[in-house]
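Chain by chain, the residues run as shown.
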Amino acid sequence: MLEENKTNGAGDGITLKELVLKVREWNIYLLSKWYIIALSGALFGITSYLYAKWKKPIYTATTTFVLESGNQSGGLGQYAGMAAMIGIDLGGTGGGIFQGDNIIELYKSRSMLEKTLLSKSYSDSNELLIDRYIDFNNLRDQWKNKPELLNISFTQDGSIMDNYNQRLRDSLITAFSQAINKDVLKVGKPDKKLSIIQVDVVSRDEVFSKSFNETLVQHVNEFYIQTKTSKSLKNILVLQEKVDSVRTAMSGAIYSAVKVLDATPNLNPTRQVQRIAPSQQAQFSAETNKAILGQLVQNLELTKMNLMQEQPLIQVVDQPVYPLKVQEGKPLESALIGIFLGGIIATAFLSIKLSLKNIL
């Protein structure tokens, strides 16, 4: 009975001898199937070689620029109360709608991408970037059975289209914008500690990559600067209008005082009220307007200073130039990798097949 238990216990595991025999069996089996492994490696290698050989090159256009946001507080806080008394907000303590890295998200917005897609590929060409995007992606070949897509015109103003074509046009632009955000456009900071922003446009068309990159950077940066300074610009216009109005009123009061004196050259001494009252009234009005004008001019200059401080600095460091950075396929390297993967896959398949055969 004891020897029987020992025999059963030994049968539960695998001995070193059995392991060596199984490895030997596995090697012999794989060597007998060498032609399958070689054929698999050759097929994978040839496929990888042809794919790398025929793969279209990828062009990358890169723009890097330094962004320094304008100082919105500066030393104008002490004058904010003074300006508020006449209904003017200098904006000295406002946070602004674009802070920190928000400009990166602005690059990915649909409105900026749409504006860029509907721009010209060249300044002296009528071809739009969206048409070039459709061409190098061969989308018109895919739309052969969809005449409504082929007839869409992106040069026409969408607001004058009928509802169906406008909806179709907007849906295409939205789809292209999403695809560009996913596969074409890359925006970020190479170093989180620095204020350098890098914009990459990656596509199979060299002209599209460069033109789209330059146009997008131009549109976004212009919009960013315009939005950052719009509040101060509006304040300057309001203040300038008030300054002109008060100056006109002061000039009118001065002329009124002189006219009163001219109108009564030989006034009876007992009737001085006819000269003094209107003259002093006009003089008082002129002095009042003079004081108001002084405060307005001071606030106008302060607002102009604030505008200069709010003006963000966007300095382009590098911009795309021809020839662009190109990423081409490497046929020989791809073929070697394909041969290796093909051999591994065939070996794994044969090993699983042998294991299932032994189990059954």
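Values in this document were obtained by computation on a predicted structure and should not be read as measured data.

Draft legend 1. Molecular detail of the pairing of strand 2 (residues 185-188). Here strand 2 shows a buried face lined by L185 and V187 and an unburied face lined by K186 and G188. As paired elements, strand 2 and strand 3 (residues 196-203) share 4 bridges and run antiparallel to each other. Bridge pairing in strand 3 places L185 opposite V201.

Draft legend 2. Spatial organisation of the confidence of the model for the protein chain. Scored by pLDDT, the protein chain comes out at a mean of 77, with 74% of its residues at no less than 70. This stretch, residues 1-11, has a pLDDT under 50; its non-local contacts, to residues over four places away or in other chains, come to 0 contacts. Confidence drops under pLDDT 50 across residues 92-97; counting only partners more than four residues distant or on other chains, this segment forms 9 contacts.

Draft legend 3. Broad picture of the packing of helix 6 (residues 110-117) against helix 10 (residues 163-184). Between helix 6 and helix 10, the least distance of the axes is 10 Å, while the angle of their chain directions is 105°. With respect to each other, helix 6 and helix 10 are oriented roughly perpendicular. Note on element contacts: helix 10 touches helix 6 through D170, I173, T174, F176, S177, I180 and N181, opposite R110, L113, E114 and L117.

Draft legend 4. Quick peek at the nonpolar core. Y107, F154, F176 and F212 are the most contacted members of the largest nonpolar core, which has 38 residues in total. Among the secondary structure elements, those contributing two or more residues to this core are strand 1 (58-68), helix 5 (102-107), helix 6, helix 7 (129-136), helix 10, strand 2, strand 3 and helix 11 (206-263). With residues up to four places along the chain from it excluded, the contact list for F176 reads L117, I130, Y133, I134, L139, W143 and F154. In terms of nonpolar packing, the next biggest core, distinct from the first, is built from 8 residues, V246, M250, L293 and L300 among them.

Draft legend 5. The pattern of salt bridges, seen in detail. Considering all chains together, one arrives at 7 salt bridges under this definition. The salt bridge involving R140 is made with D131; its shortest N-O contact spans 3.6 Å. The partner of R169 in a salt bridge is D170, with the nearest N and O atoms 3.9 Å apart. One continuous salt-bridge network, built from bridges that share partners, spans E127, R132 and D205.

Draft legend 6. Region of the structure containing unusual backbone geometry. Along the chain, Y322 connects to P323 via a cis peptide bond; the corresponding omega equals -10°. With respect to the helices, strands and loops of the structure, P323 is situated in the loop between strand 4 (313-318) and strand 5 (325-327). At N138, a position not held by glycine, the phi torsion is positive, near 55°. You can see N138 is positioned in the loop between helix 7 and helix 8 (139-142).

Draft legend 7. Highlighting the environment of F44. Position of F44 relative to the elements: it lies in helix 3 (residues 34-54). For the pair formed by F44 and I339, sequence separation is 295 residues and the distance between their alpha carbons is 5.6 Å.

Draft legend 8. Region of the structure containing helix 7. The buried fraction of helix 7 is high, at 7 of 8 residues. Taken residue by residue, helix 7 has L129, I130, D131, R132, Y133, I134 and F136 as its buried positions. Looking at the residues trailing helix 7, positive phi occurs at N138, about 55°.

Draft legend 9. Region of the structure containing a nonpolar patch on the surface. A grouping of L39, L43, F44, I337, F340, L341, I344 and I345 is seen on the molecular surface, where their side chains present a nonpolar patch of about 780 Å² in accessible area. Elements supplying a minimum of two residues to the nonpolar patch: helix 3 and helix 13 (331-359). The leading source of residues in the nonpolar patch is helix 13, at 5 residues.

Draft legend 10. A look at the environment of S153. Inspection of the secondary structure assignment puts S153 in the loop between helix 9 (147-150) and helix 10. On the basis of relative accessibility, which here comes to 26%, the residue S153 falls in the partly exposed class. Between the C-alpha atoms of S153 and D131, which are 22 residues apart in sequence, the distance is 9.5 Å. For S153, the contacting residues outside a window of four places in its chain are M161 and R169.

Draft legend 11. Just the packing of aromatic side chains, in detail. Tallied over the entire structure, the rule returns 7 aromatic pairs. Summarising the aromatic geometry, the rings of W34 and Y35 are spaced 6.2 Å apart at their centres and angled 90° between planes, so their arrangement reads as edge-to-face. Between Y133 and F136 the ring centres are 5.6 Å apart and the planes differ by 80°, which places this aromatic pair in the edge-to-face class. In this pair, Y133 and F136 both sit in helix 7, 3 residues apart, roughly one turn of the helix. Every member of this aromatic cluster is reached through a ring pair, and the members are Y133, F136, F176, F208 and F212. The residue whose ring lies beneath K210 is Y322, and the NZ or CZ to ring-centre distance is 5.1 Å.

Parameters at a glance
- Residues numbered from 1 in each chain as written.
- Predicted model: local features only at pLDDT ≥ 70, side-chain atom pairs only at ≥ 80, totals over all residues.
- Heavy atoms only, no water.
- Buried < 20%, exposed > 50% of the residue type's maximum accessible area, 1.4 Å probe, protein only.
- Helix = DSSP H or I, 4+ residues; strand = E, 2+ residues; numbered from the N terminus.
- Pairing = 2+ DSSP bridges.
- pLDDT = per-residue confidence, 0-100.
- Contact = heavy atoms within 4.5 Å.
- Axes fitted to C-alpha atoms, helices over the stretch in contact; angles between N-to-C directions.
- Parallel < 35°, antiparallel > 145°, perpendicular 65-115°, else oblique.
- Core = buried A, V, L, I, M, F, W, Y, C linked by side-chain atoms within 4.5 Å.
- Salt bridge = Lys/Arg side-chain N within 4 Å of Asp/Glu carboxyl O.
- Patch = residues over 30% accessible without salt bridge, like charges linked within 9 Å, V, L, I, M, F, W, Y side chains within 5 Å.
- Areas by Shrake-Rupley, 256 points an atom, 1.4 Å probe, with all protein chains shown as cover.
- Phe/Tyr/Trp six-rings, centres within 6.5 Å; stacked < 30°, edge-to-face > 60°.
- Lys NZ or Arg CZ within 6 Å of the ring centre and 35° of its normal.

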